[in-house]
Amino acid sequence: MGILGAIKTNFQLDRKYSAAAAKGFHPIDRELYRQFNKFRPLGPKPVFCYLPYNSLTFSFGGQVFVCSYNRDVLLGKYPDNSIDEIWNGPEARKLREHMFYNDLDYGCRHCKYFFDKGKFTNLRPLAFDKYSGNMDAAYPQVFEFELSNECNLECQMCHGEVSSSIRKNREQLPPLPMYYDDNFVNQLVKYIPTLKEAKFYGGEPFLIPIYYKIWDKVRELNPNLEMFVITNGTHWNSKIEKLVNELNFDMAISIDAFEKEKVEHIRKNVVYEKLMDNIKRFSEILTRKGKYLSLSFTVQKDNWEQFPLIINLCNEVNAFIYVSYLERPVRFALADMTKDELRQIRAYMDKYSFAAGNQREQHNAKCFEDFKHYLDAYVENADVKKYADYEFNRDMLLSAEAEEKEEVKEAIPVPFSVLAAWVEEQYASNKTFGQKIPKEILLRDVQALLAGFTEDDRSLLHALIMQGAFEPFMISLKTNTKEELKRQGYDTLERYRRLVAVGV
């Protein structure tokens, strides 16, 4: 995208952010979004994520989502709903509306969590930027399949929903029912010819019989379809070899350590030597066909020191690294470690550097630097949010605007002297406030902040500030930038006037 395109995108974003505030949406931070747009390999875009306009994920239990990370917004359920009903249903439309305004509050907490920390590498929206022109697609461009939890491994951080072996042996529960059938495969026939991508997850995909039926349909209806499979790498036979040779597969192999003892501890039931042999087999075929191999590494408490070793392995076998940041179960998560422990990990990583010659090496080196940036966010920021802080509450979100309308009070504009007297009362009631921000500095900062507003807007903001609790206001002044505070001021005015205009 050239300079004119970037200017057009910025203009679209300015209008979008203004409209979002007026309509009650909560878009992601504007300045951070500018940084994200600079990071995007395909150039800046006016929408954060194009998955809701292009993708469906068919998951365990017949549940259908927009992607494998947003599990909070259920678009529909097979066989209760057809694929057509799910794609055109009310939940799909609502999610698209939120995403149009770059509002990630409707179930997209996973990406919001990493976006807020500036960790952009491997964010799923980046892979869908190529579909930015398909916001009105009649049919999905991408299908993701998680149709069965059939799996032979019992990885320490995994659970029975995605591993039949864990469900049977660790959780001692009966098998999950299989909802997807031949009728589902028949429904796919309508979509396969126009699909651009299909992705297959597990469980272990090469152990799931219905996938072979889908692959047969792909061979018949769209043999050049771009496909992706993530496997645990433990299976190799003539049938798998034939599939990978004949169809258009990119592949990721999960490997959470390089050293034999560590691999077999984390990924219970894996045979290290067989895994390494299969990685080489898959690499040879994919490299010959010009396809992509990734090694998927889930960083956690007891494997972080393996990260540099996995990057070396990736560079040896012509693979990209794909890094997952485990946040649950919490007992395995880096975010559960102390700051001193995280500083030690950060210092350890500074011992390593990697070649960045070809495209794969550049990607792998970038992911390593991104990991260090992720650690820095926890080490340097005392108030950094944890993953659990982004919990989604659908009912609360849907009723938020109604509650806001009920709770808003009419504000009578007041001069700065009235606000200053109110601040004086707050400091008199709690002596600890002065230890956080001296009263004189707070009043000076408020005056400086509101200097750019009109006199009428300043007077109204004085009154709106006094309607809220003082301590959150004080903390906001201390922790946000001047630009963020100004934007919040304009958002507050727009929201108040919108609610008043509808008779609140």
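Since this is a predicted model, take the numbers as computed values, not measurements.

Reading guide: rules and limits
Residues numbered from 1 in each chain as written. Predicted model: local features only at pLDDT ≥ 70, side-chain atom pairs only at ≥ 80, totals over all residues. Heavy atoms only, no water. Buried < 20%, exposed > 50% of the residue type's maximum accessible area, 1.4 Å probe, protein only. Helix = DSSP H or I, 4+ residues; strand = E, 2+ residues; numbered from the N terminus. Pairing = 2+ DSSP bridges. Right-handed = clockwise from strand over helix to strand, strands pointing away. Salt bridge = Lys/Arg side-chain N within 4 Å of Asp/Glu carboxyl O. Contact = heavy atoms within 4.5 Å. Axes fitted to C-alpha atoms, helices over the stretch in contact; angles between N-to-C directions. Parallel < 35°, antiparallel > 145°, perpendicular 65-115°, else oblique. Left-handed = near helix turned anticlockwise from the far one by under 90°. Nonpolar A, V, L, I, M, F, W, Y, C, P; charged D, E, K, R; others polar.

Considering the pairing of strand β10 (residues 293–299)
Sheet faces and side chains relate simply in a regular strand, where the side chains alternate between the two faces. When you tally the buried positions in β10, you get seven out of seven residues, the bulk of the element. Because side chains alternate across β10, one face comprises the buried residues Leu293, Leu295, Phe297 and Val299, and the other comprises Ser294, Ser296 and Thr298, equally buried. Where strand β8 (residues 249–254) meets β10, four bridges bridge the pair, whose relative direction is parallel. Along β10, the bridge assignment pairs Ala252 with Ser294. Read from β10 through helix α12 (residues 307–316) to strand β11 (residues 320–325), the crossover connection turns out right-handed.

Here we look at the pattern of salt bridges
Between side chains of opposite charge, a pair can form when the charged atoms approach closely. Applying the stated criterion to the full structure yields 31 salt bridges. The salt bridge partner of Lys301 is Asp336, with a shortest N-O separation of 2.9 Å. Highlighted residues: Lys301 in the loop between β10 and α12 and Asp336 in the loop between β11 and α13 (339–349), separated in sequence by 35 residues. The exposure class assigned to Lys301 is partly exposed, which follows from its relative accessible area of 26%. Among the charged side chains, a network of salt bridges with common partners joins Arg346, Asp350, Glu369, Lys372 and Asp376.

Concerning the sheet that holds β11
Sheet architecture is open: nine strands sit in the order β3-β2-β1-β4-β6-β7-β8-β10-β11, paired in mixed fashion. Only two strands of the sheet have a single neighbouring strand rather than two, namely β3 (76–77) and β11. Looking at chain direction, strand β1 (residues 55–58) and strand β2 (residues 63–65) are connected through two bridges and run antiparallel. The residue of β2 that forms the bridge with Thr57 is Phe65. Strand contacts of helix α8 (residues 209–221): β4 (142–145), β6 (197–200), β7 (226–231) and β8, with the helix running at about 160 degrees to β6, the strand carrying the most contacts. Lying over the sheet, α12 contacts β10 and β11, oriented at roughly 150 degrees with respect to β11.

So, the packing of helix α9 (residues 238–246) against helix α11 (residues 272–289)
Contact pair α9 / α11: the axes reach a minimum separation of 10 Å and the direction vectors enclose 20 degrees. In this view, α9 runs roughly parallel relative to α11, as classed from their interaxial angle. Where α9 crosses over α11, the handedness of that crossing is right-handed. Of the residues in α11, those in contact with Ile240, Glu241, Val244, Asn245 and Glu246 of α9 are Phe282, Ile285, Leu286, Arg288 and Lys289. Partitioned by chemical class, the residues of the contact of α9 with α11 number five nonpolar, one polar and four charged.

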